[in-house]
Each structure stands twice: as C-alpha cells, then as structure tokens.
2 protein chains.
Amino acid sequence: MTYRDIVEKRRAINFFDPDRPVREEDVKEMIEIAARAPSSFNLQPWNLMIVRDPDAKTRLRKHAWDQPKVTEAPVVLIVLADRSGWHTGHPTVEKNWKEMLASGKMMPDKREWFTNATRSLYTWSPNAETAFAVKNTAFFAMGLMYAATSLGLETHPLDGFDHEGVRKEFKVPEQYWVPLLLAVGYLRPGVEVLPPKWRKSYDEIVVSFG
Amino acid sequence: MTYRDIVEKRRAINFFDPDRPVREEDVKEMIEIAARAPSSFNLQPWNLMIVRDPDAKTRLRKHAWDQPKVTEAPVVLIVLADRSGWHTGHPTVEKNWKEMLASGKMMPDKREWFTNATRSLYTWSPNAETAFAVKNTAFFAMGLMYAATSLGLETHPLDGFDHEGVRKEFKVPEQYWVPLLLAVGYLRPGVEVLPPKWRKSYDEIVVSFG
C-alpha cells in the first residue's frame, strides 16, 4: 500500500468485531512505528495506557458517553500527553541532554540555554504547556492510526469522553492531558463502512491575512 | 514505499537546498493528502499560510530564533489551529451540520444536542479549546510530513519561534494558535543526514497507575 492508499483506507469505524482479538505483537508494532514521530527537542511527551480488560473497558465506557465501541473494540488506548515532559529532572529530558552531550551537539555550558529555551516555549502562555504536549502527542497518535491501518487494523479516535472522569477512574496523574481515546480492532462482519465525509479543499485550507 | 519505510525516511532535516524549488502541485497534493486526517465531529480546525516569498521568509525568520532553514527552505508553512472551529455559525460547523442532516445521520431537533456537545467538550477547561484545535491540527500536520516524504520532499517541524511575534507579523487573527511552522524542500547536496535520535521504547511509553 502506498501512503495515499493508507490515508484513504484509514477510517474511523463505529462497529468493531468484539470476537476478533488484536494480537499483542500488532499493538506493540503499531506503537513502535508511531514512536518514530518527531517532537520538539525530541522530548516525546507521550504515553499510553492499554485497556483490554472487559471490566476496565466498562469503567471507561461509563466516562465516554456510553459509546458501545469502547467495550466492543478489543483494545482501547488511553492516549496521554505529558505536560511535564520538558521539566528539568524528567527522565526523557535528562536522557536527551546526555545524548546531546555524548554526540557533541551540545556543550555542557549550554545547559542553561537549553533549560531556558524549553521553559520559554512551554510556559509563555497559560495554554502553552498543554498545547506543546498535545501537539507532539497528536503527531504520535496520528502515527498510531496510520500504523494500525498498515497492519490491517481499524481504529476510531474518540473525543467524546469526560476528561476528568477518565483521569480519576484510571488514576492518571494531573501532569497528563488526555487528548483522545483510541479504539483498535477489526470491522464487525456484515457492517459496511460509509463513504468518507467531506473534507475542506485546498482553497478552504490555505489562508492569508492582510 | 511501505508505511514503515515512509516513517523511517521522514527526518527533520536542518539543511535545505535553497536553489531547488518545490513545485506548487506537490504542495497542493501534500495538503490534499493530509486533509484526509480525522477530526472530532469532522470539524477540521486547521488552516495554513504558505510562505514562499523571500521577504516574507526573512520576516518570519526574525521571529523564529533566526534559524537559517526558515529562509533556506523554499516553502515554509505557518500551521494554524482554529480555536473557533466549533462555534455556531463557523462555516465548517454549518457545512457539517447540513451534511449530517442531508445524510439522515442527524435530525433537525438534534441541533441543540450538537451545539451543547461540542461546547462542553471544547470549553470545559480554560485549556480545552486550544487543546482541541491543536490536537486535530497536529493530526493534519503529521499527515503533511508523511505526505511530503511520500512525494520525495523533506520537512522540518519548527517549534522554536515567538508565537505572538509570528501572529502579529502575519496578521493572524487571535482565534488561531500556531502549533508549528513546517519547512518544506529538498536536502542540500553534500549534506549527510545524521542517524535518527533515540526513541522511547514500548515499555517506556506504556504506563499504568494505581
């Protein structure tokens, strides 16, 4: 499949086959492919919870507008955007710093510059920290969807859930924003996928001001 | 190229060939492929400004940490996340509503439900409106990068810029958040792309709490 094929094949399906499990190795491969997404300063502020257990899916569905696909999909990922992903002492920050030193791309006396640069980008507005974490995590999440398609899986990115309800139910620390839930599985036999919805044209997307 | 090949081929390059232009039809195709990205309620809260003019690139570079790639890349996209993309009366909202009615997926008496559902999702927290717009726009932006790769182009997503400086310089209305700039072009001859940076492993990505 070419990239265009994958983009066209990826659809947000509403009816998953509850009886066809998703292999653990496919979920792992999907995550590993998506993890090649870019992120500012390579901070990779994304994490996932993998929900497979029927009881946990029932608890998740309660906070997700009671949408049947939450329990019908064999796997639901709770996608997490780490808003502390740029903090001094965060394991990913420190690992990046060590790698930059080791590669010679940074000199030790640049640490203050590095700390200030990330702080200024991610705290200049009350929204900036969330926007940063969500942006990079959405790169990763888009990759999860396309990787799933390339592996023959179907997905549905869910926005319809009670953010704080999900966070508390699954004891997700406050540093995380939950940009989406991602249902993963196979299309239910006998269900026909509707034609794609309309999309904005090139001329509707490209703007200028002045 | 398989999807995995595209993911591995996509790299954030630092040195663009300033003498090799990017064809307009390639930019258009890249945008049209990426526009197939999913979005909550199909709201597609993304727009782009296409910066090609050398003078405009010089003005943009001033607000982007003076990074040479901003002027060296033949095309720089200012990626815009529309925080008003769910408002009643917004052209995309109203077009979606009409399409939902026409397809029979929604009955006219569901309008209040639709309006309340989107409002509650996108305003429940002071961060929610930005997070929503940025998440969906980042799906689109990740698609832009992979689409570029599939067309033989190179990209670099830039986070290092003064958000308000760029917004004011290009008269971008306040409803927009600017999640990234995206430089697009070809690798400068003679430049070697360094090996990819480390990525978090599956075990570093997957978490559970409690």
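Residues numbered from 1 in each chain as written. Chains lettered and ligands numbered in written order. Predicted model: local features only at pLDDT ≥ 70, side-chain atom pairs only at ≥ 80, totals over all residues.

(A) Spatial organisation of the overall build of chain A. Tallying secondary structure elements over chain A gives nine helices and four strands in all. N-terminal to C-terminal, the α/β element order of chain A is α-α-β-α-α-β-α-α-α-β-α-β-α. Seen through its principal axes, chain A has C-alpha atoms that stretch 65 × 45 × 35 Å. The proportion of buried residues among the 210 residues of chain A is 45%. Long-range contacts, defined here as pairs at least 24 residues apart, represent 80% of the contacts in chain A between residues at least 6 apart. (Helix = DSSP H or I, 4+ residues; strand = E, 2+ residues; numbered from the N terminus. Buried ≥ 20, exposed ≤ 12 C-beta atoms within 10 Å, placed from the backbone. Contact = placed C-beta atoms within 7 Å.)

(B) How the structure looks around unusual backbone geometry. We note that A:Asp66 has phi near 55°; this positive angle belongs to a residue other than glycine. When the 10 C-beta atoms within 10 Å are taken as the criterion, A:Asp66 is described as exposed.

(C) Fine view of the sheet that holds strand β4 (residues 176-185) of chain B. All names here are of chain B. Strand order in the open sheet formed by four strands is β1-β2-β4-β3, with antiparallel pairing between adjacent strands. Where the open sheet ends on each side, the last strands, each with one partner, are β1 (46-51) and β3 (154-158). Ignoring which end each strand starts from, the neighbouring axes of this sheet average 25° apart. When β3 meets β4, the two strands line up antiparallel, connected through five bridges. (Pairing = 2+ DSSP bridges. Axes fitted to C-alpha atoms, helices over the stretch in contact; angles between N-to-C directions.)

(D) The arrangement of the environment of A:Val75 in detail. Residue placement: A:Val75 occurs in strand β2 (residues 75-82). In this structure the C-alpha to C-alpha distance between A:Val75 and A:Arg23, which are 52 residues apart in sequence, comes to 9.7 Å.

(E) View of the confidence of the model for chain A. Confidence along chain A averages 96 in pLDDT terms, with 100% of residues attaining 70 or more. Across the interfaces of the predicted complex, the ipTM metric reaches 0.97, alongside a pTM of 0.97. (pLDDT = per-residue confidence, 0-100.)

(F) Seen up close, the relation of the copies chain B and chain A. In the superposition of chain B on chain A (RMSD 0.0 Å, axial shift 0.0 Å), the rotation amounts to 180°. Read as a symmetry element, the transformation amounts to a two-fold axis. (Least-squares fit on C-alpha atoms with pLDDT ≥ 70 in both.)

(G) The arrangement of helix α2 (residues 24-34) of chain A in detail. Residues of α2(A) that are buried: A:Val27, A:Met30, A:Ile31, A:Ile33 and A:Ala34. Axial view of α2(A): buried residues confined to an arc of 165°, hence all on one face. In α2(A), the exposed residues that point more than 90 degrees away from the buried face are A:Glu24 and A:Glu25. Packing partners of the buried residues in α2(A) comprise β1 (46-51), β2, α7 (128-150) and β4 (176-185) of chain A together with α1 (3-9) and α9 (202-205) of chain B. (Arc of directions from axis to C-beta.)

(H) Examining helix α5 (residues 91-103) of chain B more closely. All names here are of chain B. Given a rise of 1.5 Å per residue, 13 residues ought to cover 18 Å, and the 18 Å separating the end C-alpha atoms of α5 matches this to within 8%. Residues of α5 that are buried: Thr92, Val93 and Asn96. Down the axis, α5 shows its buried residues gathered within 100° of arc, on one side only. Those residues of α5 that are exposed and angled more than 90 degrees off the buried face are Pro91, Glu94, Lys98 and Ala102. (Expected span 1.5 Å × (residues − 1).)

(I) Fine view of the sheet that holds β4(A). All names here are of chain A. Read across the open sheet, the four strands follow the order β1-β2-β4-β3; overall the sheet is antiparallel. For this open sheet the edge positions go to β1 and β3 (154-158), each flanked by a neighbour on one side alone. Shown here is a sheet whose adjacent strand axes are inclined to one another by a mean of 25°, direction ignored. Bridge count between β2 and β4: seven bridges; the pairing is antiparallel. Across the sheet, residue Val79 finds its bridge partner in β4, namely Leu180. Where α7 meets the sheet, its contacts fall on β1, β2, β3 and β4, and the angle it forms with β4 comes to roughly 5°.

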